[in-house]
Amino acid sequence: MADGSRQLVQNMAHGEARLGWATQARSSLWARCACGREAVINPRPWIAQGLSRQTLHDLEDRLRCQCGARRADLEIRGLARAPQGGAGGIHIFR
């Protein structure tokens, strides 16, 4: 706990992760729909709108999936956790 890593994991588990964290080195922003589809999300449009301090939970209803879902869960993943195959089909709506 001296290095602060435990606190970071705790905050992310409670939906307190911030959009700006996805721009850190070796991090990526991913969306996961209830249908099982996963896609990497480019956070730049939201950051350009000044939303870098927003929690990921607050941005989840701004995503649209190909299946028709109007929401997807967001999470920040390290490069080691990113799927190797192609992924897509979830897009930023606004």
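Residues numbered from 1 in each chain as written. Predicted model: local features only at pLDDT ≥ 70, side-chain atom pairs only at ≥ 80, totals over all residues. Heavy atoms only, no water.

Engineer: Which residues make up the overall build of the chain, and what values go with them?
Structural biologist: Within the chain, the secondary structure is distributed over three helices and five strands. Tracing the chain from N to C terminus, the helices and strands come up as α-β-β-α-α-β-β-β. For the chain, buried positions account for 32% of its 94 residues. Carbon and sulfur atoms make up 48% of the accessible area of the chain, which amounts to about 6100 Å² in all. (Helix = DSSP H or I, 4+ residues; strand = E, 2+ residues; numbered from the N terminus. Buried < 20%, exposed > 50% of the residue type's maximum accessible area, 1.4 Å probe, protein only. Areas by Shrake-Rupley, 256 points an atom, 1.4 Å probe, with all protein chains shown as cover.)

Engineer: Break down the state of the cysteines for me, citing the residues and quoting the values.
Structural biologist: Taken as a whole and judged by the stated rule, the model has zero disulfides. With no disulfide of its own, Cys33 lies 3.7 Å from the sulfur of Cys65, the closest cysteine sulfur. By relative accessible area, which is 6% here, Cys33 ends up buried. Cys65 supplies the cysteine sulfur nearest to Cys67, a cysteine that is in no disulfide, at a spacing of 3.7 Å. (Disulfide = S-S within 2.5 Å.)

Engineer: Help me get a handle on the sheet that holds strand E1 (residues 27-32), residues and values and all.
Structural biologist: Read across the open sheet, the three strands follow the order E2-E1-E4; overall the sheet is antiparallel. If you trace the sheet from one side to the other, it starts and ends with strand E2 (38-41) and strand E4 (73-78), each paired once. Each strand axis lies, on average, 35 degrees off the axis of its neighbour in the sheet, ignoring direction. The pairing of E1 with E2 spans four bridges and is classified as antiparallel. Within E2, the position partnered with Leu29 by the bridge is Ile41. (Pairing = 2+ DSSP bridges. Axes fitted to C-alpha atoms, helices over the stretch in contact; angles between N-to-C directions.)

Engineer: So what's going on with the side chain of Arg64? Residues and values would help.
Structural biologist: Mapped onto the elements, Arg64 comes out in strand E3 (residues 63-65). Buried within the structure, Arg64 lacks any salt-bridge partner; Asp61 is the closest side chain of opposite charge, at an N-O distance of 6.5 Å. A polar side-chain atom of Arg64 sits 2.9 Å from the main-chain carbonyl oxygen of Arg70. Excluding anything up to four places from it in sequence, Arg64 contacts Ala69, Arg70, Gly89, Ile90, His91 and Phe93. (Lys, Arg positive; Asp, Glu negative; His and termini not counted. Salt bridge = Lys/Arg side-chain N within 4 Å of Asp/Glu carboxyl O. Polar contact = N/O pair within 3.5 Å; in protein donor to acceptor, adjacent residues only side chain to side chain. Contact = heavy atoms within 4.5 Å.)

Engineer: Describe the confidence of the model for the chain, and please don't skip the residues or the numbers.
Structural biologist: Scored by pLDDT, the chain has a mean of 81; 76% of the residues are at 70 or more. Confidence scores differ between elements of the chain, with helix H1 (residues 5-13) showing the lowest mean pLDDT of 43 and E3 the highest of 95. (pLDDT = per-residue confidence, 0-100.)

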